[in-house]
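Listed below are the residues making up each chain.
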Amino acid sequence: MKFPYFELKNYIHKHFKPEIHNLATSHFEAPDIELDYPTDLNFAYKLEELKQIIADEHNVSLDQVLITNGASEACFLLSAIFLDENKTCMVEKPGYPPHMQLPLGFNSNIVYLERNPSDDFKINLDTIKQNPIPDLAFLTNLHNPSGVLESSETLGEIASLFSDTGSIVIIDEIFRLFTDAPTLAGTPGTAIVNSLSKCFGGGASRIGWIVSDSDIIERCSDLKDWTNPEISLVGQSAGIALLKDQSSRLQLARSRIEEHQQIIKEVCERHGFTWYDSHSVTAFPKIPLDNEVDFCNKLLDEEILVSPGRFFGYPGHIRVGWGTTSDTFYPAVEAFDSALSKFLSD
C-alpha cells in the first residue's frame, strides 16, 4: 500500500506566506466565533449532541452518521472498506486530487468521468450508462475545482444506477451549502461526506462526517478505531457552535461569493481567459497561454498564489479562489490584474 504525494496541498503550503496575495484558497474565511471550551476531558463531551445536529440536518437517524476528523478521514475510511486490487473506482476529471489518487493507494483500477469544459463541467449521464458500473465512485457537488452545481435529479439517477448493482457512489458535499441545493443523504447507493472546513470556515475544527446506511457507518466506525478513534474536544465544541450559527454565516458567504466572483471574472475575461460560472468560492478558468505551470510560477514571482490545473488532472486551467475577506481579496485581485497586463502584453 503506497499513496501518492499530495501535490496540491504541499504546493500551497510551500508557497503560502503572510505577504502573498492568496487566490488559491478554497474556503470561506469566516468571522471568529465564541467557543465553550471543555473543562471535563472525557472524550464523550458533546459528541452525541454534535451527531444529533448533523443527523437532523440530513433527516437521518443517528446510526447513519459517523463524525470524522475532517472529510479527508471520511474519504479514506470509505475507500478502505470498499477498495482493493480487484475493485474499480470512478473519479472525476478534472477532480479533487485525493479523490483521484486515493484508489491508487489501495491498488484499485481507476476509470475517469470526464467533466468537460465544453459542457460547463456538467456530468454526462450517458457516459455512465454506456459503461459498466464500477464498485465505487467519487463525485463532488459542488464540483471541485470548477464550483459547478450538478442537479439533484442527475445525482439521484446515478445513485440509482449504483444501488441497482450493489455499488456505492460517494458524494462529497463539502461545498453544497454555498447553494440551496438539497443533500442526497439517505438516497440508496450513496455515502455522503462533508465537513465544516469550506462553507463554515471551520477547517481547524477538523470536524467532518459520513452519512450512509447504518451497516456502512458501522464498518467505517470499526476501522476508525484504528486510524483516529477520538474527536477533538475543542473540535466538538466548535462544530456545535458553527452549525448553530450557520444561517448568518452562509448568508455572508453567499453574498461574498456573488460579489467577489463578479470582480475576478471580469478581470479574467478582460485578459482572454475562458470563464465558467461557479456557485462556489473557486472557479477553473482556461488560461490564454500554453503552459499553466510556467504561468503560475510567474505569478509567484509577483507574490500571487493560484493553483495549477495539472493538480486536478487538467493542464491549461488554473483554480482561483475568492473566499477571503474583501480586505484581503481586493488587493489580491488588483495585483492579479496588473500581473496579467504585464504577462499578456509581453
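These numbers were taken from a predicted model, which means no experiment stands behind them. (Residues numbered from 1 in each chain as written. Predicted model: local features only at pLDDT ≥ 70, side-chain atom pairs only at ≥ 80, totals over all residues. Heavy atoms only, no water.)

Peer 1: Just checking my understanding: could you explain the pattern of salt bridges for this structure?
Peer 2: Two side chains of opposite charge can pair, provided their charged atoms sit close to one another. For the structure on display, the rule yields 13 salt bridges. Ionic contacts of the salt-bridge type, sharing partners, join the residues Glu92, Arg115 and Glu150 into one network. (Salt bridge = Lys/Arg side-chain N within 4 Å of Asp/Glu carboxyl O.)

Peer 1: Looking at this model, I keep getting lost on the packing of aromatic side chains. Mind explaining?
Peer 2: Any pair of aromatic rings gets described here by the distance separating the centres and the angle formed by the planes. The full count for this structure, using the stated rule, is 15 aromatic pairs. Aromatic pair phenylalanine 284 and tyrosine 314: ring centres 6.4 Å apart, planes at 55°, arrangement tilted. Residue phenylalanine 284 is located in the loop between β9 (282-283) and α10 (292-301), and its partner tyrosine 314 is located in the loop between β11 (307-308) and β12 (318-321); the two are separated by 30 residues in the primary sequence. According to the relative accessible area criterion, phenylalanine 284 is buried, its value standing at 1%. (Phe/Tyr/Trp six-rings, centres within 6.5 Å; stacked < 30°, edge-to-face > 60°. Helix = DSSP H or I, 4+ residues; strand = E, 2+ residues; numbered from the N terminus. Buried < 20%, exposed > 50% of the residue type's maximum accessible area, 1.4 Å probe, protein only.)

Peer 1: It is not clear to me how unusual backbone geometry should be interpreted in this structure. Could you clarify?
Peer 2: Leaving glycine aside, a negative phi is the common case for residues, and trans is the common case for peptide bonds. Along the chain, lysine 93 connects to proline 94 via a cis peptide bond; the corresponding omega equals 0°. By secondary structure assignment, the location of proline 94 is in the loop between β3 (88-93) and α4 (97-105). Phi at asparagine 107 is positive, roughly 60°, even though this residue is not glycine. Positionally, asparagine 107 belongs in the loop between α4 and β4 (109-114). Phi at phenylalanine 121 is positive, roughly 65°, even though this residue is not glycine. Within the fold, phenylalanine 121 resides in the loop between β4 and α5 (125-129). Note on phenylalanine 121: relative accessible area 0%, which makes it buried.

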